[in-house]
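Given next are the chains, with one letter for each unit.
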Amino acid sequence: MKYNIREIASIIGAKYDILEEGSIDHLLTDSRTLSFPETTLFFAIRTQTGDGSRYIAELYRLRVRHFVVNRYRPEFAEMKDANFLIVENVLAALQQLAIHHRKQFGIPVIGITGSNGKTVVKELLYQLLHREFNIVRSPRSYNSQLGVPLSVWQMNGNHTLGIFEAGISQPNEMTNLRRIIAPTIGILTNIGEAHQENFASPMQKCLEKLSLFNNCEVIIYNADDRQIVHGLEKACLSHRGLGWSRTDSEAQIFIESIRQRDTVTEISCTMFGGITRTYVIPFTDAASIENVIHCIALMIYLKPTALGNLQAFRELEPVAMRLEVKDGINHCCLISDTCNSDIHSLAIALDFQFSRKGDRNMKTTVILSDILQSGLMPKVLYKKVAELFRQKKVERVIGIGRDLKTHGPAAFHMESEFYESTQEFIRSSSFRQFGNELILLKGSQMFHFEQITELLEKKVHETILEVNLDAVVHNYNHFRSMLRPQTQIVCMVKAFGYGVGSYELAKTLQEHRCDYLAVAVADEGAELRKEGISIPIIVMNPEFGSFNTLFEYRLEPEVYSFRLLNALIREAERRGIVSWPVHVKIDTGMYRLGFRPEDMPEVCRQLKQQNGLYARSVFSHLAGSDSAEHDAFTLRQIQAYTRAADTLEKELGYPVARHVLNSAGIERFTACQFNMVRLGIGLYGISALAGSEALQPVCALKTTILQIQDVPAGRSVGYGRKSRTERDSRIAVIPIGYADGLDRRLGNGAGEVVIRGRRCPFIGNLCMDISMIDVTDVEAQERDEVTVFGKTLSVSEIARKLNTIPYEILTSISPRVKRIYYKE
């Protein structure tokens, strides 16, 4: 559905002077995801961490001509043919447009909220109902004040059912989401602890979530949850409730039994009219069972005839909640995204692929399945997909499915090939010819693209380090919110990105407009440049033999001694280089690298006598900013640094950026941020503030159980016979050892892992490649997942046990441990 620009201006109440007529069918809030400039309206939203107006000039150059802004800026006058719609609040204008758009459709709309399970329930409903309805739904987890209006904007006249998530973290946020979604049916998954710190009580949070359903015909909920029942009563919504219960046989839907066996669960339930049915689902965990019951309850109300399709429940696929990046065979890189498959989620995945390409010399390839239930004729649909591929510079497409095999050749004017099934493609000769490609796998679950991923993935052993790129962004934005808008951030990605992998980290930070990166040695910076990282990079420990690398790859060295300064001056002069940026290091009491404060006059004299180098910044390291017992010393360091920096800037006669705060310093000495800070361990989720939950853990080290042995009491386990079983025990063997970076001191009961939510101690000495754990008190099975550290067992806790620091734990993880990067 298209709107003309005058119509939109009226809907959002904007002041405007239309210079260029145009129709709009794409809304944009992130300049990096532009696909169709001529029909795009950009909303220049201002947040705590950025201002969308900064990217208008770039978008104008890319042919966007329609913008919503909160004020007219002088530079807009040069954009002669652009339309600027001026509103008081840009986000509110976006929401108002979505509210108007939603009112154009009289179809059933399901609104889902709750602390957990929103996305899973939405995707399970899609699997169960997509043959009955033409469904529009939230892409991924688009459930925020920004994501919900973008989700609702997808609605068009072909859709017969909408399913949208709503997520909140503060009081009074649901009102806007309710007006945008305007659900006719509500599902409340559960009420948990998430974001409780922002609410006065659990009931306040419950009532806030329930307010989404004020105008719903019916509300699906768990009638065994007394808090939800009480909340419905307080909100005067009980008469609209459709509750299910495992304990109350008089409930509207009574779950008579839940029987778990091997890999499946049987759910027997009695519905209206005393009808009893048993559903077999391929999940055994409690959360998945509850999510499926919510779906059954919804289908009883909306489409009871669909409940007769028992096979649909048997064939439910696990919901892939994240987009993963993996190393592939033959120097390929795989991006696997099977969360959902529609043109909107495809656009999101293509944006991610495009951002990962950068300057890397890799062919961009998409393996795509038929897009089901789009509401469009296949010929029209794949023409739109082909245009999207062209915009995102896709070079090769492999289509799988009957529709793509039929209509793909006419639509895709690029290197392409088409197959009717996944198995046909795997058997083809093309499957063995991938090399140096960035491959996006985007397929509906029925096509089982995991078979392709498994065959294309570079084989390594089963221990992996999961890296949550969303958590990196969250932590970056958290620290950004503590700083003045003009304060720049240097993000530390040295030591292989603190063990998590520097390229994916650097690429993510570059996308979110980090100002600077910092590495330890020039070779690290050179590798980032080769992978397409273009933002400035500081080399913290430049070596005299690395000058060629520094200059060839545009790296900015730290200068910490007269010997290094003189050598760099001579090299710049020899190369005919002028004004190369360097970063002057001052030692204010750490007694590591750096000039002494009293050296500043001589440093200035030497810099002023040449023109090859200029001081981009001056900085120092704090020795104890993470500890209150050292606060007096820290303040003395800052004072000494300030005096030295003042001298440097005064003598040089030009502005020099200043930075002294590290992660702990940002948290504890925010007032001393100057105009630049360095963000290191905080980026990876480690806070200097005891008990702080503001940061999210970035990494999880995981492995699997290879074998479980029954060991009688009194037997020794492992090399050196250091541990003995005190009872008849079950001992599990896991494929991780000290060669993977696991500290040997964790053996013999000193450390633990987590299996099925329970902690299990190491037993015996850790070996080079494997370790043993005691799983006697856990119903563990071979191939179960084992968490060495992550959300349930933090890096900081392990560091405390070993009397070390989290840095050492993270940077010790061996390169042979596969890194898997993902976005939720």
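Residues numbered from 1 in each chain as written. Predicted model: local features only at pLDDT ≥ 70, side-chain atom pairs only at ≥ 80, totals over all residues. Heavy atoms only, no water.

Caption draft 1: Region of the structure containing the overall build of the protein. The number of helices and strands found in the protein is 26 helices and 40 strands. In terms of overall dimensions, the protein has a C-alpha envelope of 90 × 85 × 65 Å along the principal axes. Here the protein holds 824 residues, and 58% of them are scored as buried. When the accessible surface of the protein is summed, it comes to about 35100 Å², and 48% of that surface belongs to carbon and sulfur atoms. Within the protein, one finds 96 positive and 95 negative side-chain charges whose respective centroids are separated by 2 Å. (Helix = DSSP H or I, 4+ residues; strand = E, 2+ residues; numbered from the N terminus. Buried < 20%, exposed > 50% of the residue type's maximum accessible area, 1.4 Å probe, protein only. Areas by Shrake-Rupley, 256 points an atom, 1.4 Å probe, with all protein chains shown as cover. Lys, Arg positive; Asp, Glu negative; His and termini not counted. Charge placed at Lys NZ, Arg CZ, Asp CG, Glu CD.)

Caption draft 2: Main features of the state of the cysteines. All chains considered together, the criterion is met by zero disulfides. A disulfide-free cysteine, Cys 206 has its sulfur positioned 13 Å from the sulfur of Cys 236, the nearest such atom. (Disulfide = S-S within 2.5 Å.)

Caption draft 3: Seen up close, the pairing of strand 7 (residues 109–113). Within strand 7, five of the five residues are buried, which leaves it mostly tucked inside the rest of the structure. Going residue by residue along strand 7, you find Val 109, Gly 111 and Thr 113 tucked away on one face and Ile 110 and Ile 112 tucked away on the opposite face as well. Relative to strand 9 (residues 161–165), strand 7 runs parallel, the two being bridged by four bridges. Paired with Ile 112 across the strands is Glu 165, a residue of strand 9. (Pairing = 2+ DSSP bridges.)

Caption draft 4: Representation of unusual backbone geometry within the structure. Located in the positive-phi region is Asn 330, a residue other than glycine, with phi close to 55 degrees. Its location among the elements puts Asn 330 in the loop between strand 16 (323–327) and strand 17 (333–337). With a relative accessible area of 42%, Asn 330 lands in the partly exposed category. Of note, His 331 is a non-glycine position whose phi angle comes to about 65 degrees, a positive value.

Caption draft 5: Up close: the packing of aromatic side chains. Tallying each qualifying case throughout the model produces 20 aromatic pairs. With centroids separated by 6.1 Å and ring planes inclined at 40 degrees, the aromatic side chains of Phe 412 and Phe 418 adopt a geometry described as tilted. Judged by its relative accessible area of 15%, Phe 418 is buried. With a centroid separation of 5.0 Å and 65 degrees between ring planes, the pair formed by Phe 562 and Phe 595 is classed as edge-to-face. With Phe 562 in helix 21 (residues 562–575) and Phe 595 in the loop between strand 27 (580–586) and helix 22 (600–608), this pair connects stretches of sequence that are 33 residues apart. The exposure class assigned to Phe 562 is partly exposed, which follows from its relative accessible area of 25%. Among the aromatic side chains, those forming a connected cluster through ring pairs are Phe 42, Phe 67, Tyr 72, Phe 76 and Phe 84. Looking at Arg 65, its charged tip hangs above the ring of Tyr 60, at a distance of 3.8 Å from the centre. The ring of Tyr 55 carries Arg 513 above its face, with NZ or CZ at 3.5 Å from the centroid. (Phe/Tyr/Trp six-rings, centres within 6.5 Å; stacked < 30°, edge-to-face > 60°. Lys NZ or Arg CZ within 6 Å of the ring centre and 35° of its normal.)

Caption draft 6: Local environment of the side chain of Arg 480. Here Arg 480 shows up in helix 16 (residues 469–481). If near-sequence neighbours (up to four positions away) are discounted, Arg 480 is found in contact with Gln 48, Thr 49, Pro 485, Thr 487, Ile 489 and Asp 515. (Contact = heavy atoms within 4.5 Å.)

Caption draft 7: Expanded view of the confidence of the model for the protein. This prediction gives the protein a mean pLDDT of 92; 99% of its residues lie at or above 70. Looking over the protein, one finds the lowest element-wise mean pLDDT in helix 17 (residues 494–498), namely 81, and the highest in strand 10 (residues 185–188), namely 98. (pLDDT = per-residue confidence, 0-100.)

Caption draft 8: Local environment of the packing of helix 3 (residues 90–102) against helix 6 (residues 174–181). Two elements in contact, helix 3 and helix 6, have axes whose closest approach is 7 Å; the angle formed by their N-to-C orientations is 35 degrees. In this structure, helix 3 contributes Gln 95, Gln 96, Ala 98, Ile 99 and Arg 102 to the contact, and helix 6 contributes Asn 176, Arg 179, Ile 180 and Ile 181. Residue composition of the contact of helix 3 with helix 6, by class: four nonpolar, three polar and two charged. (Axes fitted to C-alpha atoms, helices over the stretch in contact; angles between N-to-C directions. Nonpolar A, V, L, I, M, F, W, Y, C, P; charged D, E, K, R; others polar.)

Caption draft 9: How the structure looks around the environment of Arg 402. Relative to the helices and strands, Arg 402 is located in helix 13 (residues 402–411). Overall, Arg 402 belongs to the exposed group, its relative accessible area being 60%. On a C-alpha basis, the gap between Arg 402 and Glu 21 in space is 40 Å, while along the polypeptide they are 381 residues apart. Residue contacts for Arg 402: discarding those within four places in its chain leaves Asp 370 and Glu 420.

Caption draft 10: Broad picture of the pattern of salt bridges. Per the counting criterion, the structure on display carries 49 salt bridges. Here Asp 351 ties to Lys 392 by a salt bridge, and the two come within 2.6 Å at their closest N and O atoms. One end of the pair, Asp 351, is in helix 11 (residues 343–357); the other, Lys 392, is in the loop between helix 12 (378–391) and strand 19 (396–400), with 41 residues separating them in the sequence. Since its relative accessible area comes to 14%, Asp 351 is described here as buried. The partner of Glu 395 in a salt bridge is Lys 357, and the shortest N-O contact between them spans 3.8 Å. In this pair, Glu 395 sits in the loop between helix 12 and strand 19 while Lys 357 sits in helix 11, placing the two residues 38 residues apart along the sequence. (Salt bridge = Lys/Arg side-chain N within 4 Å of Asp/Glu carboxyl O.)

Caption draft 11: Broad picture of helix 19 (residues 522–530). Buried within helix 19 we find Ala 522, Glu 524, Gly 525, Ala 526, Leu 528 and Arg 529. One or two positions beyond helix 19, positive phi appears at Gly 532, with a value near 100 degrees.

Caption draft 12: Representation of helix 22 in the model. Residues Met 600, Val 603, Cys 604, Gln 606 and Leu 607 constitute the buried set of helix 22. Projection of helix 22 onto a plane perpendicular to its axis shows the buried side chains occupying an angular sector of 165 degrees, all on one side. Those residues of helix 22 that are buried lie in contact with helix 21, strand 27, strand 28 (613–620) and helix 23 (631–652). (Arc of directions from axis to C-beta.)

Caption draft 13: Representation of the sheet that holds strand 4 (residues 40–43) in the model. The sheet built from four strands is open, its strands ordered 3-4-5-6 with parallel pairing. One side of each edge strand has no neighbouring strand; the edge strands of this open sheet are strand 3 (26–28) and strand 6 (83–86). Each neighbouring strand pair of the sheet contributes to a mean axis angle of 25 degrees, computed without reference to strand direction. Sheet topology note: the strand 5 (residues 66–69)/strand 6 ladder contains four bridges and is parallel. Along strand 6, the bridge assignment pairs Phe 67 with Phe 84. Across the face of the sheet, helix 3 comes into contact with strand 3, strand 4 and strand 5 while running at roughly 140 degrees to strand 4.

Caption draft 14: Up close: the pairing of strand 19. The buried count for strand 19 comes to five of five residues, which makes it a mostly enclosed element. Across the two faces of strand 19 the burial is the same, with Arg 396, Ile 398 and Ile 400 and Val 397 and Gly 399 all buried. Of the strand pairs in this sheet, strand 18 (residues 363–369) and strand 19 are connected by five bridges, and their pairing is parallel. Looking at strand 19, one finds that Leu 368 is bridged to Gly 399. Two strands pair when backbone bridges link them, and strand 19 and strand 20 (residues 415–419) are joined in this way by five bridges, in the parallel orientation. By the bridge assignment, Ile 400 is partnered in strand 20 with Tyr 419. Crossover strand 19 to strand 20 through helix 13 is right-handed. (Right-handed = clockwise from strand over helix to strand, strands pointing away.)

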